[in-house]
Amino acid sequence: MSLSAEADGFMRRALELGRHAADSGEGGPFGAVIVRDGAIVGEGWNRVIASSDPTAHGEVMAIRDACAQAGLFSLEGCDIYTSGEPCPMCLGAIYWARLRHVYFGFSIADAERVGFDDRRFYTELALPAAQRKIGQTQILGEEACDVLDAYLNQPDHPAY
Ligand SMILES: [Zn+2]
């Protein structure tokens, strides 16, 4: 589906970055751009292989780029155009960055065709913690809460 000439242009740039990631061997075929007031303010592409970093997804890289350029940790009012429907990690980063809207090209089902199994993570996260493959165990909860309390008691603790 085509949305508007402007939106299509941003998506084509995200797709171009995805091609670059794959052609250069830096990572999978995923790219993303962050848009504020009709202009690209950050770009990223998958660099999982190049940087030996499983978190170096296109969306995360684009968020880091936009935030670094703006000197801000919030991208409120910005949109993200990403070559593919975000995985749960990137969707979490999108929420943390306070992005306004997500435009994506291919779907998770499309990516599944070429071996990217994001659906598995969404399925896992929908399960109660006790039923997930990666176990979670709370230890030293009270001592850990002391760290929270110390933060809360800082006179000018930063809020985000
Ligand atoms: Zn991702």
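Anything mentioned here points back to the structure above.
Residues numbered from 1 in each chain as written. Predicted model: local features only at pLDDT ≥ 70, side-chain atom pairs only at ≥ 80, totals over all residues. Heavy atoms only, no water.

Novice: How would you explain the coordination of the zinc ion if you had to name every residue and give the values?
Specialist: All of the protein donors around the zinc ion are H57 (ND1), C87 (SG) and C90 (SG); their distances to the metal are 2.0 to 2.3 Å. Here the donor residues for the zinc ion map to a single chain with the spacing H-x29-C-x2-C. Within this pair, whereas H57 is found in the loop between strand 2 (39-45) and helix 2 (58-70), its partner C90 is found in helix 3 (residues 88-96), the two being separated by 33 residues in sequence. Both residues of the pair, H57 and C90, count as buried. (Donors = N, O, S within 2.8 Å, 3.2 Å for Na, K, Ca; no water. Helix = DSSP H or I, 4+ residues; strand = E, 2+ residues; numbered from the N terminus. Buried < 20%, exposed > 50% of the residue type's maximum accessible area, 1.4 Å probe, protein only.)

Novice: Describe unusual backbone geometry, and please don't skip the residues or the numbers.
Specialist: Even without a glycine there, the phi angle at S52 is positive, about 45°. The residue S52 is located in the loop between strand 2 and helix 2 in this model. For S52, a relative accessible area of 66% puts it in the exposed group. Its identity is not glycine, yet L140 carries a phi of approximately 50°, on the positive side. Its location among the elements puts L140 in the loop between helix 5 (118-126) and helix 6 (141-152). Owing to a relative accessible area of 56%, L140 belongs among the exposed residues under this scheme.

Novice: Kindly report on the packing of aromatic side chains, identifying the contributing residues and their values.
Specialist: Counted under the stated rule, the structure contains four aromatic pairs. Here the aromatic residues F10, Y81 and Y103 are joined through ring pairs into a cluster of three or more. (Phe/Tyr/Trp six-rings, centres within 6.5 Å; stacked < 30°, edge-to-face > 60°.)

Novice: So what about the packing of helix 2 against helix 3? Which residues, and what values?
Specialist: Contact pair helix 2 / helix 3: the axes reach a minimum separation of 8 Å and the direction vectors enclose 25°. The orientation of helix 2 with respect to helix 3, classified from their angle, is roughly parallel. Here the hand of the crossing between helix 2 and helix 3 comes out left-handed. Contact with helix 2, carried on its side by E59, V60 and I63, involves M89, C90, A93 and I94 of helix 3 and no other residues of that element. Residue composition of the contact of helix 2 with helix 3, grouped by class: six nonpolar, no polar and one charged. (Axes fitted to C-alpha atoms, helices over the stretch in contact; angles between N-to-C directions. Parallel < 35°, antiparallel > 145°, perpendicular 65-115°, else oblique. Left-handed = near helix turned anticlockwise from the far one by under 90°. Contact = heavy atoms within 4.5 Å. Nonpolar A, V, L, I, M, F, W, Y, C, P; charged D, E, K, R; others polar.)

Novice: Account for helix 1 (residues 5-24), naming residues and giving values.
Specialist: The first and last C-alpha atoms of helix 1 sit 28 Å apart over 20 residues, in line with the 28 Å expected at 1.5 Å per residue. Buried-residue contacts for helix 1 involve strand 1 (31-36), strand 2, strand 3 (79-84) and strand 4 (101-106). In the segment just after helix 1, G25 is the residue with positive phi, at about 80°. (Expected span 1.5 Å × (residues − 1).)

Fair warning: the whole summary comes from geometry, so function is off the table for now.
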